[in-house]
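Okay, here's what each chain looks like letter by letter:
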Amino acid sequence: FMYVKVKLLGILADKLKVQDLNVELDKGATLRDLIVKLVDTLGEKARALLLDEKGHLRKLYNVLINGLEHEALNGLDTALSEGDTVSIIPLAGGG
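Read on for an overview of the structure. Here the structure is a predicted model, which is why all the values come from computation and not from measurement.

**Here's the deal with the pattern of salt bridges**
The full count for this structure, using the stated rule, is four salt bridges. For arginine 47, the salt bridge goes to aspartate 40, with nearest N and O atoms at 3.9 Å. Judged by its relative accessible area of 33%, arginine 47 is partly exposed. A network of salt bridges, in which partner residues are shared, links Asp40, Glu44 and Arg47.

**Concerning the sheet that holds strand E4 (residues 68–69)**
Judged by pairing direction, the sheet is mixed, and its five strands sit side by side in the order E2-E1-E5-E3-E4 without closing on themselves. One side of each edge strand has no neighbouring strand; the edge strands of this open sheet are strand E2 (20–25) and E4. In the sheet, strand E1 (residues 2–8) pairs with E2 via six bridges, with the strands oriented antiparallel. Note that in E2 the partner of methionine 2 across the bridge is leucine 25.

**Quick look at the nonpolar core**
Of all hydrophobic cores here, the largest spans 27 residues; its most connected members are Leu34, Val86 and Ile88. Broken down by secondary-structure element, the contributors of at least two residues to this core are E1, helix H1 (10–16), E2, helix H2 (31–42), helix H3 (44–50), strand E3 (61–65) and strand E5 (85–90). Ranked by residues supplied to this core, first place goes to H2 with five residues. The residues touching leucine 34, leaving out its near neighbours within four places in the chain, are Val4, Val6, Val23, Leu25, Leu80 and Val86.

Cut-off values and rules
Residues numbered from 1 in each chain as written. Predicted model: local features only at pLDDT ≥ 70, side-chain atom pairs only at ≥ 80, totals over all residues. Heavy atoms only, no water. Salt bridge = Lys/Arg side-chain N within 4 Å of Asp/Glu carboxyl O. Buried < 20%, exposed > 50% of the residue type's maximum accessible area, 1.4 Å probe, protein only. Pairing = 2+ DSSP bridges. Helix = DSSP H or I, 4+ residues; strand = E, 2+ residues; numbered from the N terminus. Core = buried A, V, L, I, M, F, W, Y, C linked by side-chain atoms within 4.5 Å. Contact = heavy atoms within 4.5 Å.

Set out below in structure tokens:
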């Protein structure tokens, strides 16, 4: 097993009543595996906030792995390592 630190920011932290988590994953797990584990751990409210009706990560969030945007890496298939920090940041709305 390995542990990854997750930081939920903004409205996510407010609505889920949690900001920092240490999540246990199998070695070789990906960002996709982490998102599934978060939803399983935090429940239906997390599922509704993070995932769309098809089960895909909503485009409302910027996900950073050790400060780098996940889209600039390998997207949801980015492999995670022991001690990584994953930050999920809601995009600011505007108009």
